[in-house]
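Summary of the model geometry
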Amino acid sequence: MTQDEALAILKTGLNVFLTGEPGSGKTHTINRYVAWLRERGVEPAVTASTGIAATHINGMTIHSWSCIGIKREVSDYDIEMIQSREKTAKRIIDTKVLIIDEISMLDAATLESVDRVLRTLRRRPLQPEQPFGGLQVIFVGDFFQLPPVQTHVRPTRSNIPNTGMFAFESSAWKEANPVICYLSEQHRQEDGDFLDMLSAMRRGAFTPAHRTRLRSRVGIISKQTIATRLYTHNENVDRINAESLGRIEGKSHVFQMSSRGAQRLVESLKAQCLSPETLDLKEGASVMFTRNNFDAGYVNGTLGTITGFSSLGAPVVQTRSGGMITAETAEWAIQDGNKILAKITQVPIRLAWAITVHKSQGMSLDAAIIDLSQAFEFGQGYVAISRVRSLAGLFLEGFNERALELHPKVAAADRHFRGYSDAVRKKFASLAPSEKEKLEKNFLRAIGAKEPRPKEINHQGDALMVTGIEKLREKYPNMGRPWSKNDDTLLAAMFSEKKPNAEMAKHFGRKPGAIRSRLGHLGLVPNFWKPRKK
């Protein structure tokens, strides 16, 4: 299913599970949907399963939003306490659309607790309960990523717990009955052989030829001047980074994290932030940026070397591409709309000689040296290998059989998800345009949406009447609409890969001139819109 097809389904108000392989555009698609809602005066509840994932989407954790906190199961008393908090209850009751990102990290019991809270608070008198209180609920993620943290013994193929672990095993998921939108486009890896190998791992169709291809990457000495090492255990990462920093002579510069807000939320942010609470740097240290800031020239996973420190003491990083970036402090925050509930402040980098596979989730690396010889969890090998953009950037120190295993429940569910998605795509494509428009209008009416503003502004600052822009949007769907940070990041990636301008314009649904203008705005090409002469 394409991103546009998934977006059209989201606009009908159906519950949706938006999934796909890494790099398929899940975040980009959900950002487009959020922008579409906001244009119509609807503010969705944007949440995620973990604190750090929530900061990436300017949202809050589903635990905080639903007020269940760290509890996996809630009692009647817990729900009564939530109901007694007037502002919290009103926020939940007023919400129309709920988005839960990184759903793979949310276990079944927690999702059922969220469902129970919403059913109770949003139940109308004399009306039956509805899944998630009648909200449109959108699950976003990929269950082939690392599974939820469990307190029981780690499962093996002969010791898989009968009780539900994954969100899709919960009764709440089954009653919500989300439509599956399985994205098929790929924007991270373009190496055909590499993509085939990753897809084979997901399908459980890893052949001897795939295994031979993977073994060909074992024991190859990387010629990359900078290549992060990925390990499955924290002790290996800490040892490698400490030893590597210790071998560098020179003065240490220590950066201490600061925080503000509710202690429980602050601790959650600290635990999941990729930048450490105490950051020790030296000139010559290998580092990695830990968040996205395209305006400053880096994204989560950008590698570089400390070349010095500014007059104000900020680290100066030379990236692999040769760029020089002064790493100013950044904030990670948990928000409820525009209100900041907790935040931490730190330089957005970390030592990058080594990093754990778990911490690498969400990153895109040009090159990585990976040791999977001690892999112990389902999916660890897949997560680690899928971080790199091509087979040429993959350097293995070793791998065991466990590294190639994916959770059998997830593999079975994935086959179902793919088949369901294909059926949905065909069914939706068979609907007449008038029927799709009717579904969309009914949904907007149900959630109290407003008509978008009648005028929009083009790049020259001229007002365009709705009738004119609607006609143009038949060919350029996103003409005149604002660019998101994720749009900018993807545009920069496509530009660096030397994609044709026409291809980028088609992908973003904009005129070729708008693409050149945005590239100029981002400083990637000479500014297309020349300053007007006075």
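Relevant structure appears above.
Now for a quick tour of the structure. Nothing here was measured: the structure is a model prediction, and the numbers come from that model.

So, about the environment of L37. Relative to the assigned elements, L37 resides in helix α2 (residues 26-39). Along the sequence, L37 and P452 sit 415 residues apart, while their C-alpha atoms lie 9.5 Å from each other. Setting aside residues no more than four positions away along its own chain, L37 makes contact with V42, P44, V97, F443 and I447.

Spatially, β3-β2-β4-β5-β1-β6 is the arrangement adopted by the six strands of the open sheet, whose pairing is parallel. Each of the sheet's edge strands pairs with one partner strand only, and the pair in question is β3 (60-61) and β6 (179-183). Relative to β3, strand β2 (residues 45-48) runs parallel, the two sharing two bridges. In the sheet register, T47 faces β3, and the bridge partner there is M60.

Ranked by internal contacts, the top residues of the largest apolar core, which has 81 residues, are F143 and W173. When near neighbours in sequence (up to four residues on either side) are disregarded, F143 contacts F17, I103, S104, F166, A167, F168, W173, V410 and F417. Ranked by size, the runner-up nonpolar core spans 30 residues in total, among them I30, V46, I57 and V424.

Take helix α6 (residues 86-94) next. Where α6 is concerned, the buried positions are T88, A89, R91 and I92. Considered in projection along α6, the buried side chains sweep an arc of 160° and stay on one side of the axis. Exposed residues lying more than 90 degrees from the buried face of α6 are E86, K87 and K90.

This next bit is on the pairing of β6. Taking burial as the measure, the five residues of β6 include five buried ones, the bulk of the element. Bridging between strand β1 (residues 16-20) and β6 involves five bridges; their strand directions are parallel. Residue pairing in the sheet places T19 in a bridge with Y182 of β6.

Definitions and limits used
Residues numbered from 1 in each chain as written. Predicted model: local features only at pLDDT ≥ 70, side-chain atom pairs only at ≥ 80, totals over all residues. Heavy atoms only, no water. Helix = DSSP H or I, 4+ residues; strand = E, 2+ residues; numbered from the N terminus. Contact = heavy atoms within 4.5 Å. Pairing = 2+ DSSP bridges. Core = buried A, V, L, I, M, F, W, Y, C linked by side-chain atoms within 4.5 Å. Buried < 20%, exposed > 50% of the residue type's maximum accessible area, 1.4 Å probe, protein only. Arc of directions from axis to C-beta.

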